[in-house]
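The primary structure of each chain is shown beneath.
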Amino acid sequence: MELISGKALSAARKAEMAKEVEQYKAQYGRAPQLTVVLVGEDPGSVSYVTGKAKAAAEVGIDNVTLRKPAETTEAELLALIDSLNNDDTVDGILVQLPLPKHMDSDKVIAAIRHDKDVDGFHPANVANLWLKQPCVLPCTPKGIIQMLKSANIEISGKRAVVIGRSTIVGLPVSKLLLDENATVTIAHSRTKDLAAVCREADILVVAIGRPKFVTADMVKPGAAVIDVGVNRDPETGKLCGDVDFEACAPLSSHITPVPGGVGPMTITCLMENTLECYLRKMKG
Ligand code: L34
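To keep things clear, this report deals only with the structure shown in the data block. (Residues numbered from 1 in each chain as written. Predicted model: local features only at pLDDT ≥ 70, side-chain atom pairs only at ≥ 80, totals over all residues. Heavy atoms only, no water.)

## Things to note about the nonpolar core
Rules: By nonpolar core is meant a set of buried Ala, Val, Leu, Ile, Met, Phe, Trp, Tyr and Cys residues that side-chain atoms within 4.5 Å join together. Partly exposed describes any residue whose relative accessible area lies between the buried limit of under 20% and the exposed limit of over 50%, with all areas from a 1.4 Å probe on protein chains only and scaled to the type maximum. The helix count covers DSSP runs of H or I at least four residues long, the strand count covers runs of E at least two residues long, and both are numbered beginning at the N terminus.
With 25 residues, the main nonpolar core has Ile-144, Leu-148, Leu-177 and Val-205 as its most contacted residues. Listed by contribution, the elements that provide at least two residues to this core are helix 6 (139–150), strand 5 (159–163), helix 7 (170–179), strand 7 (203–206), strand 8 (224–227) and helix 10 (262–283). Sort the elements by how many residues they give to this core and helix 6 lands first, with 4 residues. In this structure, Ala-56, Val-118, Ile-267 and Leu-270 belong to the second largest nonpolar core, which totals 24 residues.

## Some points on helix 6
At 3.6 residues per turn, the α-helix brings residues three or four places apart onto the same side. The following threshold applies: An expected span of 1.5 Å times one less than the residue number is assigned to each helix. Contacts are assigned to residue pairs with any non-hydrogen atoms lying within 4.5 Å of each other.
With 12 residues, helix 6 ought to run about 16 Å at 1.5 Å a step, and its terminal C-alpha atoms sit 16 Å apart, in line with that. All of the buried residues in helix 6 are Cys-139, Thr-140, Pro-141, Lys-142, Gly-143, Ile-144, Ile-145, Met-147 and Leu-148. If you follow the buried residues of helix 6, they end up packed against helix 1 (6–28), helix 7, strand 7, strand 8 and helix 10.

## Thoughts on the packing of helix 6 against helix 10
What counts, and what does not: To obtain each axis, a line is fitted to C-alpha atoms, and for helices this fit is confined to the stretch in contact; angles are then taken between N-to-C directions over 0 to 180 degrees. Orientation labels follow simple angle bins: below 35 degrees gives roughly parallel, above 145 gives roughly antiparallel, 65 to 115 gives roughly perpendicular, and whatever is left gives oblique. For this classification, Asp, Glu, Lys and Arg are treated as charged, while Ala, Val, Leu, Ile, Met, Phe, Trp, Tyr, Cys and Pro are nonpolar and the rest, including Gly, are polar.
Two numbers describe how helix 6 lies on helix 10: the axes approach to 8 Å, and their chain directions differ by 110°. Considered as vectors, helix 6 and helix 10 are oriented roughly perpendicular to each other. The residues of helix 10 that touch helix 6, namely those facing Cys-139, Thr-140, Lys-142, Gly-143, Ile-144, Gln-146 and Met-147, are Val-262, Met-265, Thr-266, Cys-269, Leu-270, Glu-272, Asn-273 and Glu-276. Considering only residue class, the contact of helix 6 with helix 10 consists of 7 nonpolar, 5 polar and 3 charged.

## Observations regarding the site of the ligand
As a reminder of what qualifies: Here, proximity means that at least one heavy atom of the residue falls within 4 Å of the molecule or strand. What qualifies as a polar contact is a pair of N or O atoms within 3.5 Å, subject to a donor-acceptor requirement within protein and to the restriction that residues adjacent in sequence count only when both atoms come from side chains. Method for areas: the Shrake-Rupley scheme with a 1.4 Å probe, in which residue coverage is limited to the protein chains shown.
Surveying the vicinity of the ligand reveals 17 residues, the closest of which are Lys-52, Val-95, Leu-97, Asp-119 and Gly-260. Within the side chain of Ser-47, one N or O atom sits 3.0 Å away from an oxygen atom of the ligand. Contact with the protein chains hides 79% of the accessible area of the ligand, taken as 680 Å² for the molecule alone. Broken down by secondary-structure element, the contributors of at least two residues to the shell around the ligand are helix 2 (43–59), strand 4 (92–95) and helix 10. Top contributing element to the shell around the ligand by residue count: helix 10, with 4 residues. Residues belonging to the shell around the ligand are distributed by class as follows: 10 nonpolar, 5 polar and 2 charged.

## Structural notes on the sheet that holds strand 8
The strands making up a sheet associate through backbone hydrogen bonding, with each pair oriented either parallel or antiparallel. What counts is decided by this rule: Only strands joined by at least two bridges in the DSSP assignment are considered to pair.
Strand order in the open sheet formed by 6 strands is 1-11-8-7-5-6, and the pairing between neighbours is parallel. What marks the edges here is a single partner per strand, and that holds for strand 1 (2–3) and strand 6 (183–187). Bridging between strand 5 and strand 7 involves 4 bridges; their strand directions are parallel. Following the sheet pairing, Ala-160 is matched in strand 7 by Ile-203.

## Thoughts on the side chain of Asn-273
One can find Asn-273 in helix 10. Under the relative-accessibility criterion, Asn-273 is labelled buried at 0%. Non-local contacts of Asn-273, meaning those with residues more than four positions away in its chain, are made with Val-118, Val-136, Leu-137, Cys-139 and Lys-142.

## Considerations on the packing of aromatic side chains
How we decide: Note on aromatic contacts: the rings of Phe and Tyr and the six-membered ring of Trp form a pair at centre separations within 6.5 Å, being stacked when their planes are under 30 degrees apart, edge-to-face when over 60 apart, and tilted otherwise.
Per the stated rule, a full pass over the model turns up 3 aromatic pairs. Each ring, one from Tyr-28 and one from Tyr-278, has its centre 6.1 Å from the other, and the planes form 90°; the classification is edge-to-face. Taken together, the positions of Tyr-28 in helix 1 and Tyr-278 in helix 10 put the pair 250 residues apart, joining distant regions of the chain. Looking at Tyr-278, the relative accessible area reads 0%, which means it is buried. Among the aromatic residues, those joined into a cluster by ring pairs are Tyr-24, Tyr-28 and Tyr-278.

Shown next, in the form of structure tokens:
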């Protein structure tokens, strides 16, 4: 079993980006700028946007985190996005999800200029992903592919099973695996005999948000297991993934830990996307 450390991979990639940003600052006269909008005080979200600010500082990206009260109206948020869209000093805009229930997240995301949409969630970016056109790739799926490649895991011709069909992880990671020539199955809560489906997987990607859901009987010996979950273990209160790590690690060829796996890579890919949006603008 080999651990794929998102933390180590992130550190290496951030150090590279810091050097690049140093050069771009000299070349273009200013640093890239990422504005993160957080509405409300969801503890997970607070922790993730803090991680984003920290990573930006490490890379030399200017970060502004705008914290708005949970009672902010949708109209107020849309007006804020409009002003960020029109602000030339802002290269990337990220509205942290989930939003409070009184807001329509689809509407909010669609209001972000697609060329500042560093999450890759805007309909134009989603369409371009599925049409194989240039686009901003969503951070978590992009990070997962980078992790597989960094571990020299062959994707082409392999059976990949993705558990979860969310628009932010399950669907786009399935498409990226397909683009790498994997044979992809998307499994979900209605899948019959899920364990048997998962046991077919050479690459198993789990993004369902249920602590320790994937057990040893669901893992084919020698499979690569990518755990996207960030949950609290109901017994210990500690952070845990969607995969029962202790039980599945001995079987797998490669596995990602939680914490220190996919989460840090998501943040590092956000830095990459911010850099991409900035460069596209600077290069004209
Ligand atoms: N708009 N909303 C938007 N973009 C995103 O890309 C996200 N996501 C998801 C939730 N909402 C979003 C994130 O940022 C999940 N997510 C995220 C980011 C980072 C980490 C986990 C989820 C992360 O760094 N996890 C650490 C542990 C963090 C902790 O201690 O709480 C890890 O090592 O896994």
